[in-house]
Every structure is written in structure tokens, then in C-alpha cells.
Amino acid sequence: MNIGDVSRASGLPAKTIRYYEDIGLVRPVRGDNGYRDFSAQDAHRLAFLGRSRSLGFSIEECRRLMSLYEDRDRSSGDVKAVAAEHLDRISEKIVELQSLKATLETLVTRCHGDERPDCPILDDLAGQQDETAPHR
């Protein structure tokens, strides 16, 4: 399979496939002409990587998951540990995003959005919050 074929089969752009090759996540055979020749296994591996990345796993986590996937003597506990660590980071990020959302909701509520130049949003960004206004 050429890169266009494996791109269609895996659902990944050719640029991503080239990047994954550059960092050693996939190693297609090179023909005498220098062109990449991807196997069905390469296409499957790329689809696996695409799904892993869509779930937010880092490149290094994908590398570890791919290694575990290809190791038939693996322990499912090792796979679970990688996924659980990632889930913990996602949970922390959700808390952080909820805090950002609450702050922005407060600022948007406090801003009149009219023709006046005063703006609590800009004041907050500049570190000049109105000390008389209620804070969360």
C-alpha cells in the first residue's frame, strides 16, 4: 500500500503518517524506488494510533500502548495503569476547565457590554479587578 492507500485505510492524513514514521511508531518497508510500502498490519497499527490519539493519549503513551498491544504476554493491569493515569490527568483538566469557566462566567456577567469604556473583563486581565465587586 502506498501512503495514500494507508491514509484512507487508517483515517489518518499522510502528514501524520510521515510524522509517525519519523518518530518510529510505524516502520513501512521501502521499495527499491524509495517509496514507502505499507502492509495491512501497518494500516491497523496506524488506525490504533489514530484512535489512541483521539482519546487524548500522548505520543509516549501511544508508544507504550502499542508495545503492550503487540506483546501477547502483556498484563492487562499494565494497560489499565496507562489508561488510569491518563484518566486522572483528564479529571484534573476538567476541574481546571470548570474553574476557568466559572471565572469567565463571572467576568462576562459583570461586564455591561454597553458603550461605556469600563470593562471588568479587561480590568481582570490587566490585574486591576474592582475590589468592591464580589469575587468567587
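These notes cover the structure that comes with them. (Residues numbered from 1 in each chain as written. Predicted model: local features only at pLDDT ≥ 70, side-chain atom pairs only at ≥ 80, totals over all residues. Heavy atoms only, no water.)

Moving on: the pattern of salt bridges. One pass over the structure, following the stated rule, counts eleven salt bridges. Between Asp42 and Arg45 there is a salt bridge whose closest N-O contact spans 3.1 Å. With Asp42 and Arg45 both in helix H3 (residues 40–54) and three residues apart, this pair spans about one turn of that helix. Accessibility assignment for this pair places Asp42 and Arg45 in one class, buried. Put simply, Asp118 and Arg116 hold a salt bridge, and the shortest N to O gap is 3.8 Å. (Salt bridge = Lys/Arg side-chain N within 4 Å of Asp/Glu carboxyl O. Helix = DSSP H or I, 4+ residues; strand = E, 2+ residues; numbered from the N terminus. Buried < 20%, exposed > 50% of the residue type's maximum accessible area, 1.4 Å probe, protein only.)

Right, let's get into the nonpolar core. Among the nonpolar cores identified, the biggest contains 18 residues, and Val6, Ile17, Tyr20, Phe38, Leu46 and Leu49 are the most heavily contacted of them. Secondary-structure elements contributing two or more residues to this core are helix H1 (3–10), helix H2 (14–22), H3 and helix H4 (59–70). Per-element tally for this core: the top contributor is H4, with five residues. Every residue in contact with Ile17, bar those within four places of it in the chain, is listed here: Ile3, Val6, Ser7, Ser10, Leu12, Val26, Phe38 and Leu46. (Core = buried A, V, L, I, M, F, W, Y, C linked by side-chain atoms within 4.5 Å. Contact = heavy atoms within 4.5 Å.)

For the rest of this paragraph, the subject is the packing of aromatic side chains. The full count for this structure, using the stated rule, is two aromatic pairs. Between Tyr19 and Tyr20, the aromatic rings sit 6.0 Å apart at their centres with planes inclined by 45°, giving tilted as the arrangement. A residue is classified by how much of its surface remains accessible, and Tyr19, at 41% relative accessible area, is partly exposed. Consider the rings of Phe48 and Tyr69, whose centres lie 4.8 Å apart with planes at 35°: the pair is tilted. Linking Phe48 in helix H3 with Tyr69 in helix H4, this pair joins segments that are 21 residues apart in sequence. (Phe/Tyr/Trp six-rings, centres within 6.5 Å; stacked < 30°, edge-to-face > 60°.)

As a further point, take H3. The end-to-end C-alpha distance of H3 is 21 Å, a good match for the 21 Å that 15 residues give at a rise of 1.5 Å each. Along H3, the residues that are buried comprise Asp42, Ala43, Arg45, Leu46, Leu49, Gly50 and Ser52. Elements in contact with the buried residues of H3: H1, H2, strand S2 (36–37) and H4. Positive backbone phi, approximately 90°, marks Gly56, located one or two places after H3. (Expected span 1.5 Å × (residues − 1).)

Relative to the helices and strands, Arg53 resides in helix H3. We classify Arg53 as partly exposed; its relative accessible area is 37%. In this structure, Arg53 is in contact with Tyr20, Ser58, Ile59 and Cys62, ignoring residues within four places of it in sequence.

Turning next to the side chain of Glu61. Its location among the elements puts Glu61 in helix H4. The contact partners of Glu61, leaving out residues within four places of it in the chain, are Gly56, Val82, His86 and Arg89.

Taking 1.5 Å as the rise per residue, helix H5 (residues 76–110) with 35 residues should run 51 Å; its terminal C-alpha atoms sit 51 Å apart, in good agreement. Regarding H5, the residues found buried are Val82, His86, Ala102, Thr106, Leu107 and Arg110.

For any two helices packed against each other, one specifies the crossing angle of their axes together with the interaxial distance. One way to put it is that H3 packs onto H4 with a least axis distance of 10 Å and a crossing angle of 135°. On the basis of the axis angle, H3 is oblique to H4. Note that H3 runs across H4; the crossing there is right-handed. Two secondary-structure elements touch here, H3 through His44, Arg45, Phe48, Leu49, Ser52 and Arg53 and H4 through Ile59, Cys62, Leu65, Met66, Tyr69 and Glu70. When its residues are assigned to classes, the contact of H3 with H4 shows seven nonpolar, two polar and three charged. (Axes fitted to C-alpha atoms, helices over the stretch in contact; angles between N-to-C directions. Parallel < 35°, antiparallel > 145°, perpendicular 65-115°, else oblique. Left-handed = near helix turned anticlockwise from the far one by under 90°. Nonpolar A, V, L, I, M, F, W, Y, C, P; charged D, E, K, R; others polar.)

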